[in-house]
Amino acid sequence: LLFADPHLERLRTRQALASAIRRAIRRTATEPLEEEDEVKKPFAGGKDFIGRIELTPKGWIADVPRSHVATLLEDPGLRERGVPVQAVAELPEVIDMGLGGRGVARSRKSSRQRHRPDLAKARNRQRLEFLYPS
């Protein structure tokens, strides 16, 4: 889901968005049903299962379970805050937050790749010693 807040005026951090999502989910989990006056039981163990949250040029994008999508799309609390929620089918470009962000995954060089220049120098040295023994 895309939580449109491109200038980060209402949801400034990942924590703020995660808290808003949890509040919306819990609010609907404890509302009385329309047909009966019973209160819904909280979902299993109180886990929200919010996936990754990333910043895009249009606002925050968050992975949430399908069972909570309709709840978040219609949540009055997010509407009051002025944060429109939209379902997205394709991920927009993610803004890389630098070292602290969990944006684009960086590949790590293996130990073999880090030592390759040293191995090439050693190989050349062995060839020279073989060709020109001292």
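Only a predicted model underlies this, so the values are computations on that prediction, with no experimental measurement involved.

Engineer: Would you take a moment to explain the nonpolar core for this structure?
Structural biologist: Generally speaking, soluble globular proteins have nonpolar side chains that are buried together. With 18 residues, the main nonpolar core has Phe 3, Leu 11, Leu 17, Ile 21, Trp 60 and Leu 72 as its most contacted residues. Elements supplying a minimum of two residues to this core: helix H1 (14–29), strand E2 (53–56) and strand E3 (59–62). Among the elements that line this core, the one with the most residues is H1, at six residues. Once residues within four sequence positions are removed from consideration, Trp 60 is found in contact with Leu 1, Leu 2, Phe 3, Leu 8, Leu 11, Arg 12, Thr 13, Arg 14, Leu 17, Ile 53, Glu 54 and Leu 55.

Engineer: Looking at this model, I keep getting lost on empty space enclosed by the protein. Mind explaining?
Structural biologist: Empty space among the atoms becomes visible once a probe the size of a water molecule is rolled across them. Overall, the coordinates contain one cavity of 30 Å³ or more when judged by the stated rule. One number sums up the size of the largest cavity: a volume of about 30 Å³. Every residue along the wall of the largest cavity is listed here: Arg 52, Glu 54, Ile 61, Ala 62, Asp 63, Leu 91 and Val 94. Of the residues assigned to the lining of the largest cavity, the class counts are four nonpolar, no polar and three charged.

Engineer: Sorry, what's going on with the pattern of salt bridges here?
Structural biologist: Summed over all chains, the structure comprises five salt bridges. Arg 10 is paired through a salt bridge with Glu 9; the nearest N and O atoms lie 3.3 Å apart. Taken together, the shared-partner salt bridges connect Asp 5, Glu 9 and Arg 10 into one network.

Engineer: Explain the packing of H1 against helix H2 (residues 66–73) to me, please; I cannot follow it from the model alone.
Structural biologist: Any two packed helices are characterised by how steeply their axes cross, that is the angle between the axes, and by the distance between the axes. At their nearest, the axes of H1 and H2 sit 10 Å apart, and the two run at 95° to each other. Relative to H2, the element H1 lies roughly perpendicular. Contacts from Ile 21, Ala 24, Ile 25 and Thr 28 in H1 reach His 68, Thr 71 and Leu 72 in H2. For the contact of H1 with H2, the per-class residue count stands at four nonpolar, three polar and no charged.

Engineer: Is there a simple way to explain the side chain of Asp 75 in this structure?
Structural biologist: Mapped onto the fold, Asp 75 is located in the loop between H2 and helix H3 (76–81). A distance of 2.9 Å separates a polar side-chain atom of Asp 75 from the backbone nitrogen of Leu 78. Beyond its immediate chain neighbours, meaning those up to four positions away, Asp 75 contacts Ala 24 and Arg 27.

Engineer: I'm lost on the sheet that holds strand E4 (residues 85–86) in this one. Help?
Structural biologist: Two orientations exist for strands paired in a sheet by backbone hydrogen bonds: parallel and antiparallel. Pairing is antiparallel across the open sheet formed by four strands, whose spatial order is E2-E3-E1-E4. In this open sheet, the two edge strands, each paired with only one partner strand, are E2 and E4. Taken together, the four bridges between E2 and E3 define a ladder with antiparallel strand orientation. Each residue of the ladder has a partner; that of Leu 55, found in E3, is Trp 60.

Engineer: It is not clear to me how the pairing of E3 should be interpreted in this structure. Could you clarify?
Structural biologist: Walk down a regular strand and you will see the side chains alternate between the two sheet faces. In this structure, strand E1 (residues 2–4) lies alongside E3, joined through three bridges in antiparallel fashion. Paired with Phe 3 across the two strands is Trp 60, which belongs to E3. In sequence, E2 turns back onto E3 through a hairpin of two residues.

Calculation rules
Residues numbered from 1 in each chain as written. Predicted model: local features only at pLDDT ≥ 70, side-chain atom pairs only at ≥ 80, totals over all residues. Heavy atoms only, no water. Core = buried A, V, L, I, M, F, W, Y, C linked by side-chain atoms within 4.5 Å. Buried < 20%, exposed > 50% of the residue type's maximum accessible area, 1.4 Å probe, protein only. Helix = DSSP H or I, 4+ residues; strand = E, 2+ residues; numbered from the N terminus. Contact = heavy atoms within 4.5 Å. 1 Å grid on protein atoms, 1.4 Å probe; cavity = no way out; pocket = protein on both sides within 12 Å on 5 of 7 lines; lining within 4 Å. Points joined across faces, edges and corners; volume = space filled by probe spheres on them. Nonpolar A, V, L, I, M, F, W, Y, C, P; charged D, E, K, R; others polar. Salt bridge = Lys/Arg side-chain N within 4 Å of Asp/Glu carboxyl O. Axes fitted to C-alpha atoms, helices over the stretch in contact; angles between N-to-C directions. Parallel < 35°, antiparallel > 145°, perpendicular 65-115°, else oblique. Polar contact = N/O pair within 3.5 Å; in protein donor to acceptor, adjacent residues only side chain to side chain. Pairing = 2+ DSSP bridges.

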